[in-house]
Amino acid sequence: MADVKKLREKAAKRGIGTATGGGGYERHVLVCVGGSCSAKSENEATLKIFRRRAKVLESQGHRVYCTPVECLQLCRGGPLVVIYPEGTWYHSVSPSVAERIADMHLGQGQPLEEHVITSNALHSERNDSAEQN
Ligand code: FES
């Protein structure tokens, strides 16, 4: 059985969730670091850019959480990146494109349209229940 107390403490330290009174991030960036959508070394270089830019944004009061994932199940046209809560899927996110996405999307809330594959925004329970009424 997982030690949920320790997990919650670690999550709070990383700014995950607001229930513990800490942080809560604004955006979650998932970067594919698998080797099928593009060269693994390029995917990892893209992840480094997002992590570096997340630190800069944090110093400006914004919380961005970056997570490497092994595969986003499209396996072509990478590096592939997804940013939530908008659910914006990006293709061909080379390190230089990652810099532009960091400026536009993470910095200004505007997607870098020329690299968007599609979007799949998630709805909160509050929004879902409001739609049902
Ligand atoms: S390896 Fe990147 S999407 Fe599958």
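Here the structure is a predicted model, which means the values were calculated and not measured.

Participant: Quick question: what am I supposed to make of the environment of histidine 115 here?
Facilitator: Residue placement: histidine 115 occurs in the loop between helix 3 (95–108) and strand 5 (116–119). Taking the C-alpha atoms as reference, histidine 115 lies 8.4 Å from valine 97; in sequence the two are 18 residues apart. Once you skip the residues sitting within four places of it in the chain, histidine 115 turns out to touch Tyr90, His91, Ser92, Val93 and Val97.

Participant: What's the story with unusual backbone geometry in this structure? I'm lost.
Facilitator: The omega torsion of the bond from glycine 78 to proline 79 falls at -5°, within 30 degrees of zero and hence cis. Topologically, proline 79 is positioned in the loop between strand 2 (64–69) and strand 3 (81–84). Cis peptide bonds are those with omega within 30 degrees of zero, and the linkage from tyrosine 84 to proline 85 qualifies with 25°. Examined against the element boundaries, proline 85 turns out to sit in the loop between strand 3 and strand 4 (88–90).

Participant: Explain helix 2 (residues 40–59) to me, please; I cannot follow it from the model alone.
Facilitator: An α-helical segment advances 3.6 residues per turn. Residues three or four places apart therefore align on the same side. Taking 1.5 Å per residue as the helical rise, helix 2 with its 20 residues ought to reach 28 Å, and the 29 Å between its terminal C-alpha atoms agrees with that figure. Within helix 2, burial applies to Asn43, Thr46, Leu47, Ile49, Phe50 and Arg53. Viewed end-on, helix 2 has its buried residues packed into an arc of 155°, placing them on one side of the element. Turned more than 90 degrees away from the buried face of helix 2 sit Ser41, Lys55 and Ser59, all of them exposed. Glycine 61 lies just past helix 2 and shows a positive phi near 95°.

Participant: Looking at this structure, how should I read the sheet that holds strand 3?
Facilitator: Taken in spatial order, the five strands of this open sheet run 2-1-3-4-5, and their pairing is mixed. Looking at strand neighbours, the two that pair on one side only are strand 2 and strand 5, the edges of this open sheet. Strand-to-strand, the axes of this sheet are offset by a mean angle of 20°, without reference to chain direction. Of the pairings in the sheet, the one linking strand 4 to strand 5 comprises three bridges and is antiparallel in character. Following the sheet pairing, tryptophan 89 is matched in strand 5 by threonine 118. Packed onto the sheet, helix 2 meets strand 1 (27–32), strand 2 and strand 3 and runs at close to 165° relative to strand 2.

Here is what the cut-offs are and how they apply
Residues numbered from 1 in each chain as written. Predicted model: local features only at pLDDT ≥ 70, side-chain atom pairs only at ≥ 80, totals over all residues. Helix = DSSP H or I, 4+ residues; strand = E, 2+ residues; numbered from the N terminus. Contact = placed C-beta atoms within 7 Å. Expected span 1.5 Å × (residues − 1). Buried ≥ 20, exposed ≤ 12 C-beta atoms within 10 Å, placed from the backbone. Arc of directions from axis to C-beta. Pairing = 2+ DSSP bridges. Axes fitted to C-alpha atoms, helices over the stretch in contact; angles between N-to-C directions.

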